[in-house]
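# Survey of secondary and tertiary structure
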Amino acid sequence: MRQLATFIFFAGVASFASAQTDHPVTSFPYTPGLDVNAMDRGADPCVDFYQFACGGWMKNNPVPADQARWSVYGKLTQDNQRYLWGILDGLANQTQGRSSTQQQTGDYFAACMDERAIEARGAAPLTPYFARIDAMRSLKDLPAVLAQLHLALADEGLFFSFGANQDFGNSSQVIAFANGGGLGLPDRDAYFNKDAKSVDIRTKYVAHIGKTFELLGQTAAQARRAAATVMRIETALAKATLTRVDKRDPYKLFHKMDARRLQALTPHFDWNAYLAALGESKLDTFNVTEPKFYRALDQQWRANDLAAIKTYLRWHVTRATAPALASNFDNEHFDFFSRTLRGVKEQKPRWKRCVTLVDAQLGEALGQEFVSRAFSPALKEKALHMTRQVEEAMEKDIESLDWMSADTKARAQQKLKTIVNKIGYPDTWRDYSSYVVKRDDFAGNVERGNLFEARRQLAKIGKPLDRSEWGMTPPTVNAYYNPQMNDINFPAGVLQPPLYDARMDDAPNYGNTGGTIGHELTHAFDDEGRQFDADGNLKDWWTKKDAKAFNERAQCIVDQYAKYVVVDDIKINSKLTLGEDVADLGGLILGWMAWQTQMASMPQQAAVTRDGLTPEQRFFVGNAQWACENDRPENQRVSAMTDPHSPGKYRVNGLVVNMPQFEKAFACKPGQPMVAAKRCRVW
């Protein structure tokens, strides 16, 4: 349960799949790494490069009814999901010759797909949770009950979350983390924004809570009172929660303390009882990410009677469990969290939701099946070759900086050299043998999966750090950098066409995948990542002069992106998106440098025009087309508040305006929109 961000290239892609043909497949459809049909040749690239590169795609790819957003990443996610559907459908129907992990993934999928059995159980999966809550006789009973719920539900809405992470001050050690939580809306600001749409969302949220309590058997009047209680408690917790911008500062999340100091934060909550119920009674070292939040939480426990606390817990247990319940609960949950919040018109088909769940709870077991069929050693070697070239480009880039001192450069080079490249899949597969999967118990499988993962995380505390571990599953269409592990991770799922296309010439591949590799490398040196040293420790290795020079260059990007409109009159929160914006620009620069190195060794490609585009133009179009997307206005409003990534349009146009190589490639003239009067550059 990490509070410090792991830096990913693209947020939330797993939710962007779309139903186009409703059947599993045994092979991937081919989309080229540079798709000329996705372009709008009528647009002037020097006026709006995003429209030039993606106009055709946007015209021909409206947001599907079951999605909040649709994108090139989402299309590949859909292709991977449909392929995984074929694998899981086969394993679910196979009765002989399955390995233990094949049995687990196949039976989990079969249980998830059995809608008749799920419907027959109704709300029964809630019964054991509610029994624990109802058995509470005083606030003294809360710690043990909360520990049980945290283990079973793995949900941050239950007052707070508790888990394990690397010590910010000593990355080789894993310690306990007590994090914030307790909210149902997607961000703390959603409780306080005063615009009409935010007020309407809050009103509908309270109504949704009330409807859920009615499904649990309360009268309309009782449900209204219960919903008001929940909203009152959540609003108080939201007020004490750090903003997303504040959470980008790791120093604001680093508050290491012993059990005595933790107990002093919340005198009305018995941490000894909580830890004993977790089976972790010996813990005495904690990082409390938000002490102010825990003081406010203790005030809520003191100010509310037991009935109010039980009401709050029943709501969050039901909210967390709703997708595994009968359709009346599932549909009510969808109606608010997808339809109202994000504008989604239809629920996803069952198969898609079940593939997502198998990947979430048995991801490395499913990943073995995916990798054995869809990721070759040759593809892994090509990706590693490109990664090494991008790293060499960054080494040269650091050395060439005129604003950084020799001492800081030496430490930056040391950090770069220690970054570990993880490509495709883990070296050692996760052991799921203790996770019991039953073919006739979908809700139970979900709970046991949560319990398995919670126990696995807690078991890391006090043990030697496993630096080989991955934070994404192999089929995932995404990539990330982890500042404490100091590694970049590229799952096999993201190294498929059109993102990496082995059939294509190098220019679009280096623009796309090369740019993504550069993006993740740059995260090691963005406003947050730069605060960790080569060993992954939170440590200031910059001179004051160099830090000031970095901040001045970063401010240029903050000022640039703050002018861009997301939707209506809402502009990008450029302090929230700074890390991703810096990484986007750094990635494009490094991808270009690596491509230039590649071209020097392959002069036969250097002057070849394809599809009416020069190699340089193909590089930039290839880089841009990963970001082609369409988005619903409701989802854009939520994303503007919560997403550290800028919209796709600005992840393209916001970069090329700073690239003299782009200006030259498309013969743009000073004063045109894609040529900035003042160029920004950090790395």
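Reading the values: rules and limits
Residues numbered from 1 in each chain as written. Predicted model: local features only at pLDDT ≥ 70, side-chain atom pairs only at ≥ 80, totals over all residues. Heavy atoms only, no water. Helix = DSSP H or I, 4+ residues; strand = E, 2+ residues; numbered from the N terminus. Rg over C-alpha atoms; globule rule 2.2 N^0.38 Å. Buried < 20%, exposed > 50% of the residue type's maximum accessible area, 1.4 Å probe, protein only. Areas by Shrake-Rupley, 256 points an atom, 1.4 Å probe, with all protein chains shown as cover. 1 Å grid on protein atoms, 1.4 Å probe; cavity = no way out; pocket = protein on both sides within 12 Å on 5 of 7 lines; lining within 4 Å. Points joined across faces, edges and corners; volume = space filled by probe spheres on them. Nonpolar A, V, L, I, M, F, W, Y, C, P; charged D, E, K, R; others polar. Contact = heavy atoms within 4.5 Å. Core = buried A, V, L, I, M, F, W, Y, C linked by side-chain atoms within 4.5 Å. Pairing = 2+ DSSP bridges. Polar contact = N/O pair within 3.5 Å; in protein donor to acceptor, adjacent residues only side chain to side chain. Salt bridge = Lys/Arg side-chain N within 4 Å of Asp/Glu carboxyl O. pLDDT = per-residue confidence, 0-100. Patch = residues over 30% accessible without salt bridge, like charges linked within 9 Å, V, L, I, M, F, W, Y side chains within 5 Å. Lys, Arg positive; Asp, Glu negative; His and termini not counted. Charge placed at Lys NZ, Arg CZ, Asp CG, Glu CD. Axes fitted to C-alpha atoms, helices over the stretch in contact; angles between N-to-C directions. Parallel < 35°, antiparallel > 145°, perpendicular 65-115°, else oblique. Left-handed = near helix turned anticlockwise from the far one by under 90°.

### Details of the overall build of the protein
A count of helices and strands for the protein gives 25 helices and 12 strands. Its C-alpha radius of gyration of 25 Å places the protein within 12% of the 26 Å reference for a compact globule of 683 residues. Along the three orthogonal principal directions, the C-alpha set of the protein runs to about 75 × 60 × 50 Å. Taking all 683 residues of the protein together, the buried fraction comes to 60%. On the protein, roughly 26600 Å² of surface is accessible, and the fraction owed to carbon and sulfur atoms is 51%.

### Re the layout of surface pockets
Of the volumes computed, that of the second largest pocket is approximately 630 Å³. Contributions of two or more residues to the lining of the second largest pocket are made by helix 7 (196-215), helix 13 (327-342), strand 11 (570-571) and helix 23 (633-642). At 6 residues, the largest contribution of residues to the lining of the second largest pocket is made by helix 7. Here the lining of the second largest pocket is composed, by residue class, of 12 nonpolar, 5 polar and 11 charged.

### Notes on helix 22 (residues 615-625)
Counting buried positions over the 11 residues of helix 22 gives 10, a clear majority of the element. Within the span of helix 22, buried status applies to Pro615, Gln617, Arg618, Phe619, Phe620, Val621, Gly622, Asn623, Ala624 and Gln625. Contacts made by the buried residues of helix 22 are with helix 1 (49-60), helix 2 (72-93), helix 19 (506-523), helix 21 (578-600), helix 24 (650-656) and helix 25 (660-665).

### Considerations on the nonpolar core
Ranked by internal contacts, the top residues of the largest apolar core, which has 130 residues, are Phe49, Phe525, Phe620, Val621, Phe662, Phe666 and Trp683. Setting aside its immediate chain neighbours within four residues, Val621 contacts Leu34, Met39, Phe49, Phe52, Ala53, Leu613 and Phe666.

### Regarding the sheet that holds strand 3 (residues 161-167)
Spatially, the 4 strands line up as an open sheet ordered 3-4-6-5, and their pairing is mixed. What marks the edges here is a single partner per strand, and that holds for strand 3 and strand 5 (256-257). In this sheet, strand 4 (residues 170-179) lies alongside strand 3 in antiparallel orientation, the contact comprising 7 bridges. Each bridged residue has a counterpart across the sheet, and for Ser161 the counterpart in strand 4 is Asn179.

### Some words on the environment of Arg679
Within the fold, Arg679 resides in the segment after helix 25. Remark: the alpha-carbon pair of Arg679 and Leu262, spanning 417 residues in sequence, is separated by 48 Å. In this structure, Arg679 is in contact with Cys556, Val657, Asn658, Met659, Pro660 and Glu663, ignoring residues within four places of it in sequence. In terms of polar contacts, Arg679 uses its side chain to reach the side chain of Glu663, at 2.4 Å.

### Some points on the pattern of salt bridges
In the structure shown here, the tally under the stated rule is 39 salt bridges. Ionic pairing is found between Asp246 and Lys252, a salt bridge with its closest N-O pair at 3.0 Å. Here Asp246 falls in the partly exposed class, since its relative accessible area comes to 22%. Residues Arg651 and Asp584 are paired through a salt bridge, measuring 2.8 Å at the closest nitrogen-oxygen approach. Taken together, the positions of Arg651 in helix 24 and Asp584 in helix 21 put the pair 67 residues apart, joining distant regions of the chain. The class for Arg651 is buried, based on a relative accessible area of 2%. Ionic contacts of the salt-bridge type, sharing partners, join the residues Glu364, Arg430, Glu453, Arg456, Lys460 and Glu469 into one network.

### As for empty space enclosed by the protein
One pass over the full model with this rule turns up 6 cavities of 30 Å³ or more. Around the second largest cavity sit Ala111, Asp114, Ala117, Ile118, Arg121, Pro125, Ala324, Arg439, Asp440, Asp441, Phe442 and Ala443, which together line it. For the lining of the second largest cavity, the elements supplying multiple residues, two or more each, are helix 4 (115-121) and helix 18 (442-458). The leading source of residues in the lining of the second largest cavity is helix 4, at 3 residues. Here the residues of the lining of the second largest cavity sort into 7 nonpolar, no polar and 5 charged.

### Regarding the confidence of the model for the protein
If pLDDT is low for a region, its predicted coordinates should not be looked at in detail. Of all residues in the protein, 97% have pLDDT values of 70 or greater, and the mean over the chain is 95. Segment residues 1-5 is flagged for pLDDT under 50; beyond a separation of four residues in sequence, or across chains, it makes 23 contacts in the model. Predicted confidence is poor over residues 11-20, with pLDDT under 50, and the contacts of this stretch with residues over four places away or in other chains come to 42 contacts.

### Some words on a negative patch on the surface
On the surface, Asp114, Glu115, Glu119 and Asp440 cluster together into a patch of negative charge. Note that Asp114 resides in the loop between helix 3 (100-113) and helix 4. By relative accessible area, which is 34% here, Asp114 ends up partly exposed.

### Here we look at unusual backbone geometry
Along the chain, Pro497 connects to Pro498 via a cis peptide bond; the corresponding omega equals 10°. Assignment of secondary structure puts Pro498 in the loop between strand 9 (487-491) and helix 19. Of note, Ala154 is a non-glycine position whose phi angle comes to about 50°, a positive value. Here Ala154 lies in the loop between helix 6 (142-153) and strand 3. Residue Asn486 is not a glycine yet carries a positive backbone phi of 55°. Along the polypeptide, Asn486 turns up in the loop between strand 8 (480-482) and strand 9.

### What about the packing of helix 14 (residues 350-361) against helix 18?
Geometrically, a packed helix pair is captured by the angle between its two axes and the distance between the axes. Two numbers describe how helix 14 lies on helix 18: the axes approach to 10 Å, and their chain directions differ by 30°. Here helix 14 is positioned roughly parallel relative to helix 18, judged by the angle of their axes. Crossing hand, helix 14 versus helix 18: left-handed. Touching Arg350, Leu357 and Gln361 of helix 14 are Phe442, Asn445, Val446, Gly449 and Asn450, all from helix 18.

### Remarks on the environment of Gln636
Among the structural elements, Gln636 can be located in helix 23. Since its relative accessible area comes to 18%, Gln636 is described here as buried. Once the C-alpha coordinates of Gln636 and Ser138 are considered, the two residues, 498 residues apart in sequence, prove to be 43 Å apart. Apart from residues no more than four positions distant in its own chain, Gln636 is found in contact with Val566, Val567 and Asp631.

### Let's talk about the pairing of strand 3
Burial of strand 3 is extensive: 7 of the 7 residues sit out of reach of the surface. Counting the residues between successive antiparallel strands, the hairpin from strand 3 to strand 4 contains 2 residues.

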